[in-house]
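What the coordinates show
In case you want the letters, here they are:
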Amino acid sequence: MRALALAVQAIGGLNRLIGNFFSWLAVGVVAVCFAVVVQRYIFHTTFLWMQDLYIWLSGAMFTAIAGFALFRDDHVRVDIFYRPASTKRKAIADIIGVVIFLMPFMFVVWTWGLPYVQRAWSFYEASQNIGGMPGLFVLKTFILVFAVLLGLQGLAMIARAILVLNNKEDLLPEIYRYKVEGEEETHLV
């Protein structure tokens, strides 16, 4: 059981590290988008690579931080049944959700994304816009990063649920445990 607790912490720590790093791309997205708007409407000019850049930064950020969002339980869901449920019922719901929905979806994303990414790397794909950004192949790699990080976080959710169902949740630090209804929300950075 200690190995499961360590796995939960390692995967959660990885997603926290990557999430905290890549979430800073939001600042870059805003800055580049602002620069593009100023160029276009004040100076009546534009650089296509800058238009590509803020879209690509957004794509990289959202795919890289998806596992972090799942760790923080920030994904949108209808939780009228989940939120007030006991910790054990949440654990059962998480196992079912991860096994039936998350893992098959990550398998599909990986299976369909891998040839797509390999093709992009085979000729170092760049933007289709003349004067656009080089390195689209790097951005496409984030499809696989997305699948791996979300899949790992799904495995961590299963491990945490197993610990809960075996009354071993105390092996996890507070940040990795289920939130209790009525408990004050803390930011998990």
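Here's a quick rundown of the structure. (Residues numbered from 1 in each chain as written. Predicted model: local features only at pLDDT ≥ 70, side-chain atom pairs only at ≥ 80, totals over all residues. Heavy atoms only, no water.)

A word on a nonpolar patch on the surface
Definition in use: Every patch collects residues that have over 30% relative accessible area and no salt bridge, joining them within 9 Å if they carry like charges and within 5 Å if they are nonpolar side chains (Val, Leu, Ile, Met, Phe, Trp, Tyr). All accessible-area figures derive from a Shrake-Rupley calculation using a 1.4 Å probe, and residue coverage is judged against the displayed protein chains alone. Only one rule defines a salt bridge in this text: a Lys or Arg side-chain nitrogen within 4 Å of an Asp or Glu carboxyl oxygen. The numbering of helices and of strands both runs from the N terminus, where a helix is a DSSP run of H or I of at least 4 residues and a strand a run of E of at least 2. Buried, partly exposed and exposed residues are distinguished by accessible area as a fraction of the type maximum, computed with a 1.4 Å probe on protein chains only: under 20%, between the cut-offs, and over 50%, respectively.
Taken together, the side chains of Ile-92, Ile-96, Val-99, Ile-100, Phe-101 and Leu-165 define a hydrophobic patch exposed on the protein surface, amounting to about 560 Å² of accessible area. Looking at the nonpolar patch element by element, the count peaks at five residues for helix H5 (residues 87-122). Among the structural elements, Leu-165 can be located in helix H6 (residues 136-165). For Leu-165, a relative accessible area of 32% corresponds to the partly exposed category.

Focus: helix H2 (residues 25-41)
Heads up, the condition is: Residue count minus one, scaled by 1.5 Å, sets the expected span of a helix. The directions considered for the arc run from the helix axis to the C-beta atoms. Should any heavy atoms of two residues lie within 4.5 Å, those residues are counted as being in contact.
Helix length check: H2 (17 residues) gives 24 Å between terminal C-alpha atoms against 24 Å at 1.5 Å per residue, within 8%. Looking only at H2, the buried set comprises Val-29, Val-32, Val-36 and Gln-39. Seen end-on, H2 carries its buried residues on one side only, within an arc spanning 105 degrees. In this structure, H2 carries Val-30, Phe-34 and Tyr-41 as exposed residues pointing more than 90 degrees from its buried face. For H2, the secondary structure elements touched by its buried residues are helix H3 (48-64).

Concerning the environment of Leu-163
By the element assignment, Leu-163 lies in helix H6. Between the C-alpha atoms of Leu-163 and Lys-88, which are 75 residues apart in sequence, the distance is 9.8 Å. With sequence-adjacent residues up to four places away left out, Leu-163 is seen in contact with Met-1, Leu-4, Ala-5, Lys-168, Glu-169, Leu-171 and Leu-172.

Here's the deal with the pattern of salt bridges
Under the definition given, this model contains five salt bridges. A salt bridge links Arg-72 to Asp-74, with the nearest nitrogen and oxygen atoms 2.6 Å apart. For Arg-72, a relative accessible area of 19% corresponds to the buried category. Look at Asp-74 and you get partly exposed, because its relative accessible area is 42%. A salt bridge links Glu-174 to Arg-177; the nearest nitrogen and oxygen atoms lie 3.6 Å apart. Here Arg-177 falls in the partly exposed class, since its relative accessible area comes to 25%.

What about unusual backbone geometry?
The backbone of His-44 sits at a positive phi, close to 55 degrees, despite the residue not being glycine. Here His-44 is to be found in the loop between H2 and H3. Unusually for a residue other than glycine, Asn-167 sits at a positive phi of about 55 degrees. Tracing the backbone through its elements, the reader meets Asn-167 in the segment after H6.

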